[in-house]
Amino acid sequence: DSLDARDWTRPESEDARVELKRLLAPMESSADEKENQKTYRYLNFDLLLTNPPFAGENPEQGLLRQYELARKDDGKLRNNVERHILFIERTLDMLRPGGRMAIVLPQGVLNNTNMEYVRDYLMDKARILAVVGLHGNYFKPHTGTKTSVLFLQKWGGEAGEPLADYPIFMAVSKKAGKDNSGDYVYKKDPSGKAIHDSKFRKVLDHDLDEIADGFLKFAKEQRFSFV
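The paragraphs below set out a description of the structure included in this document.

The rules behind the values
- Residues numbered from 1 in each chain as written.
- Predicted model: local features only at pLDDT ≥ 70, side-chain atom pairs only at ≥ 80, totals over all residues.
- Heavy atoms only, no water.
- Salt bridge = Lys/Arg side-chain N within 4 Å of Asp/Glu carboxyl O.
- Helix = DSSP H or I, 4+ residues; strand = E, 2+ residues; numbered from the N terminus.
- Buried < 20%, exposed > 50% of the residue type's maximum accessible area, 1.4 Å probe, protein only.
- Axes fitted to C-alpha atoms, helices over the stretch in contact; angles between N-to-C directions.
- Parallel < 35°, antiparallel > 145°, perpendicular 65-115°, else oblique.
- Contact = heavy atoms within 4.5 Å.
- Nonpolar A, V, L, I, M, F, W, Y, C, P; charged D, E, K, R; others polar.
- Expected span 1.5 Å × (residues − 1).

1. Structural notes on the pattern of salt bridges
Under the definition given, this model contains four salt bridges. Measuring nitrogen to oxygen at the nearest pair gives 2.4 Å for the salt bridge that ties Asp46 to Arg96. Within this pair, whereas Asp46 is found in strand 1 (residues 45–50), its partner Arg96 is found in strand 4 (residues 95–106), the two being separated by 50 residues in sequence. Judged by its relative accessible area of 47%, Asp46 falls in the partly exposed class. Here Asp197 and Arg201 are joined by a salt bridge, their closest N and O atoms 3.0 Å apart. By sharing partners, the salt bridges in this structure join Asp46, Arg96 and Glu158 into a single network.

Following this line, the structure appears as structure tokens:
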């Protein structure tokens, strides 16, 4: 369970976990289990790309106690917290200061009034580099949930100290390369024939390349250190 640091330090119960434990073992800096849980929580990644699961809540109190986002303003634990909310905090903890992340989130996290505390947390912990709204067909036929990709840089390091105000790149994708049924849609020439790339593969009819070019232009104008 990548949300539960306790699970990472327990003796493996299945053979499938042996290799994972071997790879993670060098990170264990102490014989104390609680100290190693902290080590596994703060991983100092430079770059992280993630699409956390949206469905389901976490009512287990031992897990919720590990997360700031699981607490109300008065410090008491919330009864249930959706998993993707906990993943926001989990993945930010995985980054080193100045580290960058792209995370796919439900649109509601960015615009629902009851999610304001999550947005405040995000802005307190990281600089929002870009918000890209995805077309509703991107994840069909599996789900039609409206999503956005949030690009962040954790405060500290080359990101510097938190700023009160700064420009953010915003874009909305209007072409997903899929139809309402989730079937792929390809670009066609004026005669109606499919367009192929240099490797003779059909070219998906989406606009993410244009958005990426727009972000790179924006980033250079802002003189981001990673461009």
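This is not the end of the story, as more comes after the structure.
2. Here's the deal with the packing of helix 5 (residues 83–94) against helix 7 (residues 116–125)
In contact at an axis separation of 11 Å, helix 5 and helix 7 are set at 10° when each is read in the N-to-C sense. When the interaxial angle is binned, helix 5 and helix 7 end up roughly parallel. Residues Ile85, Ile88, Glu89 and Leu92 of helix 5 form the contact with helix 7, whose own contacting residues are Tyr117, Val118, Tyr121, Leu122 and Lys125. Residue composition of the contact of helix 5 with helix 7, grouped by class: seven nonpolar, no polar and two charged.

3. Notes on helix 5
Between its terminal C-alpha atoms helix 5 stretches 16 Å, which fits the 16 Å expected from twelve residues at 1.5 Å a residue. Taken together, the buried positions of helix 5 are occupied by His84, Ile85, Leu86, Phe87, Ile88, Glu89, Arg90, Thr91, Leu92, Asp93 and Met94.

These results come straight from atomic positions and should not be treated as a statement about function.
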